[in-house]
Amino acid sequence: MKGFKNDITLGNGIYTIPDLAFILRLPPQKVRRWMNDFWDVRIGDKYKEKYSWGEGRDKATNFYTLIEFYVFYQLREHNVGTKTILAAHESMASQLHTPYPFATSQVLTDGKHILYSLEDGTTINADKSLQIAFKEIIESFCRKIEFSSDKLAERYYPLGKKHKIIVDPHHQFGQPTIADTNLLAQTIYQLYSAGESKAFLSRLYNISDKEINDAVSFFSIKKAA
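Here the residue numbering is sequential within each chain, running from 1 through the sequence in written order. It should be noted that, the model being predicted, local features are given only for residues of pLDDT at least 70 and side-chain atom pairs only at 80 or more, the latter also being counted only at that level, while totals for whole chains, interfaces and linings use all residues. No hydrogens and no water enter the side-chain calculation; it runs on all heavy atoms of the structure.

**Some thoughts on the environment of Val-107**
Secondary structure is summarised from DSSP: a helix means a run of H or I of at least four residues, a strand means a run of E of at least two, and numbering begins at the N terminus for each. With respect to the secondary-structure elements, Val-107 resides in strand E3 (residues 107-109). Along the chain, Val-107 and Ser-117 lie 10 residues apart, while their C-alpha atoms are 7.2 Å from each other.

**Considering helix H7 (residues 209-220)**
Here the expected span of a helix is defined as 1.5 Å times the quantity of residues minus one. With 12 residues, H7 should reach 16 Å at 1.5 Å per residue; the first-to-last C-alpha distance of 16 Å fits that figure. For every residue, the accessible area (1.4 Å probe, protein chains only) is compared with the maximum for its type, and the residue is labelled buried under 20%, exposed over 50%, or partly exposed between those bounds. Listed in full, the buried residues belonging to H7 are Glu-211, Ile-212, Asp-214, Ala-215, Val-216, Phe-218 and Phe-219. Where H7 is buried, its residues touch helix H1 (17-24), strand E8 (165-166), strand E9 (177-178), helix H5 (185-193) and helix H6 (198-205). We call two residues contacting when some pair of their heavy atoms lies within 4.5 Å.

**Brief notes about the nonpolar core**
Take the buried Ala, Val, Leu, Ile, Met, Phe, Trp, Tyr and Cys residues and link them wherever side-chain atoms come within 4.5 Å; each set so joined is a nonpolar core. Residues Trp-39, Ile-67, Met-92 and Tyr-156 are the most contacted members of the largest nonpolar core, which totals 43 residues. Every element with two or more residues in this core is listed here: H1, helix H2 (28-47), helix H3 (63-77), helix H4 (82-96), strand E4 (114-117) and strand E7 (153-156). Looking at this core, the element that brings in the most residues is H3, giving 9 residues. Listed in part, the 13 residues of the second largest apolar core include Phe-22, Leu-183, Val-216 and Phe-219.

**With respect to the pairing of E4**
Residues Ile-114 and Tyr-116 of E4 are buried on one face, and the alternating residues Leu-115 and Ser-117, pointing to the opposite face, are buried as well. Bridge count between E4 and strand E5 (residues 123-125): 3 bridges; the pairing is antiparallel. Residue pairing in the sheet places Tyr-116 in a bridge with Ile-124 of E5. The pairing criterion is simple: DSSP has to find at least two bridges between the two strands.

Written as C-alpha cells, this is what we have:
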C-alpha cells in the first residue's frame with residue numbers, strides 16, 4: 001500500500017464470495033457488493049491495494065479481509081454509518097500503518113463512533129480530527145477473534161471461543177476446522193449426515209462428542225438469504 005510501512009504479511013487462506021457469506025452468515029449479494037464497491041474500489045483504488053483476485057464466483061480474498069468484513073458488519077449492527085466506517089478505515093490505516101486496520105485488536109466502538117487504542121492505552125476517535133475520546137467503550141466485535149502478539153487477527157471462532165470450530169488461515173486454506181486438528185469440520189458434518197454415528201466418528205478421528213456436535217451445528221445453521 002502506497003505510503004504504508006511493509007510491516008505485515010498478507011494472511012494465508014483462500015475465501016470465495018460464497019465462503020465469506022457462509023462463514024460470516026451474510027447474504028452473498030451483500031458480501032459481493034461490499035467487495036466490489038468498497039474494498040476493491042473505494043478502499044482499494046485509494047491506496048492502490050488489491051484486496052481480491054479472480055472474477056465472479058471465483059473471486060477470492062484472504063483471511064484479513066474476512067475479518068474486516070466481520071468488523072464492518074458488526075459496526076453496521078451498532079448503527080455506525082457506512083461513510084463513518086470508510087472514513088475510519090482510511091484514518092486508522094494511516095495511523096496504524098496497515099491496509100487491514102479492522103483486523104487489529106485495537107478496533108473498538110461505543111455504538112456511535114469507531115475508536116482505536118494506542119500503545120499507551122489512549123483511546124482515539126477514528127475521524128479526521130483524531131480527538132481524544134474520554135468515554136466508556138465496548139469491545140463488541142473482538143469476542144470471536146483471537147489475535148497474535150503483534151495485535152493482528154490470527155484465528156476466527158464463528159460460533160464463539162467456547163466452541164471447537166475455528167477458521168485459521170494456516171490450516172486447510174482457512175476453511176473451518178476442528179480446533180487443534182487439521183480436520184475439516186465439513187467432513188464430520190457430511191459423514192454424520194450420511195448416517196455415521198457419533199461413537200464411530202469419535203473413534204475414527206479421536207475427537208469428542210462436543211467437537212462433533214459443534215461441527216454439525218455449524219453446518220446446520222442456515223446462512224442468510
